[in-house]
Amino acid sequence: MSIDFLPDKPIYQQLIDRILGDIMRGTLAAGEKLPSVREYAVEVGVNANTMQRVYKELEQMEITETRRGQGSFVTEDQEKITALRNEMKEQLITTFLQNVAAFGFTTDEIVKCLQERGADND
Amino acid sequence: MLIMINLEHIVKKYGSKRALQDVTLSIPRGKVIGLVGENGSGKSTLLKMMAGLLTPNSGSAEFDGKPITRRIASRIAYMSDTDDFYTYFTVQQLIDFYESQFEDFDVLKAKEIVQFLNVPLDSKIKSLSKGNRGRVKIAVTLAREADVYLLDEPFSGLDPMVRDDISKGLIRFTDTERQTVIMSTHEIREVEPLLDEIIVMRGGVIIAHEAVDVIRDFYGVDATSWMVSLFRDGKQEGNVK
């Protein structure tokens, strides 16, 4: 079934995030083959040009690689995936802390809250 | 970027009514383009003009550097918004008929699309549901190996499942490396993920022509909100005059 896209971000960007998420969660494993551009485009219901751009940008990020005549694969280089996870983590925290400051919370207050949440979940 | 269709200062009148007023437009190869606007804004006339079904009162229309005439039909596949099949045909007979009419018609591709869309080949057109007739219509259109597909309201009046099937058929059976698709639609929110570019028409004039990524990147909104703001700003300008 086609997926719903957020209105304020380019569709190709949302698809890149979706695939990065699949890789970081391990839904797409290191070294695993991605569907062809056309297959994936049909699956999520987007234009093949958009999907082509997604694959090209993932390759430029060195998160996937294209093997001639075989298609695209998730990188087997674990270090690259770890680096991606760390980078995303930093991004998440930065955005989060900006919001924290904007609403007038202190970092200490929020850290305490997070620790309590963490303890609840364990 | 390779331009396939080039329109320069096209005017088309029906009697004293101007359906197209000074339309200038370039359509590149390998793009999927949505044509939007209110009823009567000139979308169908523009599609028929590009298909060579209408001649302009003034201005020039070219395909691949040559004037568009009725003979261009051999490279441009046009799908009208009406249901004009011979209803006593079966789907198979309709496919055979199309093969006799169009040199570029690919029977195997037609059957593949019909199967992909789950329509039985031996059913009579007249016994098909509206949704299945919509599926068959897009199947015989896309089975032509044309350079350009001009689709007039391919989703109109069909339920969501059929619209989804038709979208997937479009993605699966057109090649964006060499073919261009131009479709008029009212379902802009739903169709946006299929599009590279959007052309907005109003009163026979093209009021905007923009890439979908640019709309989202530059204006920070989806195509629907962008369109609404275009119309709102346009109306305000109108009031000032």
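Residues numbered from 1 in each chain as written. Chains lettered and ligands numbered in written order. Predicted model: local features only at pLDDT ≥ 70, side-chain atom pairs only at ≥ 80, totals over all residues.

## What to know about the overall build of chain B
In terms of helices and strands, chain B carries 8 helices and 10 strands. Counting all 241 residues of chain B, 41% fall into the buried class. Considering only intrachain contacts with a sequence separation of at least 6, the fraction spanning at least 24 residues in chain B is 70%. (Helix = DSSP H or I, 4+ residues; strand = E, 2+ residues; numbered from the N terminus. Buried ≥ 20, exposed ≤ 12 C-beta atoms within 10 Å, placed from the backbone. Contact = placed C-beta atoms within 7 Å.)

## Some words on the interface of chain B and chain A
Counting residues at the interface gives 18 residues for chain B, matched by 16 residues for chain A. Counting residues per element, the ones that place at least two in the side of chain B that touches chain A are α5 (160–173) and α7 (212–219) of chain B. With 5 residues, the top contributor of residues to the side of chain B that touches chain A is α5 of chain B. When the residues that make up the side of chain B that touches chain A are grouped by side-chain class, the tally is 6 nonpolar, 4 polar and 8 charged. (Nonpolar A, V, L, I, M, F, W, Y, C, P; charged D, E, K, R; others polar.)

## Side note on the domain arrangement of chain A
Residues and elements named next belong to chain A. By domain assignment, chain A separates into domain 1 (11–76) and domain 2 (79–121). On a C-alpha basis, the centroid separation for the pair domain 1 and domain 2 is 27 Å. Contacts between domain 1 and domain 2 engage 7 residues on the former and 5 residues on the latter. Considering only residue class, the side of domain 1 that touches domain 2 consists of 5 nonpolar, 1 polar and 1 charged. (Domains from an automatic or database assignment.)

## Overview of the sheet that holds strand β8 (residues 180–184) of chain B
Residues and elements named next belong to chain B. Strand order in the open sheet formed by 6 strands is β6-β7-β8-β3-β9-β10, with mixed pairing between adjacent strands. The open sheet has two free edges, formed respectively by β6 (76–79) and β10 (205–211), since each of these has just one partner strand. Between one strand axis and the next, the sheet turns by 15° as a mean value, whatever way the strands run. Pairing of strand β9 (residues 197–202) with β10, which is carried by 6 bridges, proceeds in the antiparallel orientation. Across the sheet, residue Met-201 finds its bridge partner in β10, namely Ile-206. Across the sheet, α7 is in contact with β9 and β10; its angle to β10 comes to roughly 80°. (Pairing = 2+ DSSP bridges. Axes fitted to C-alpha atoms, helices over the stretch in contact; angles between N-to-C directions.)

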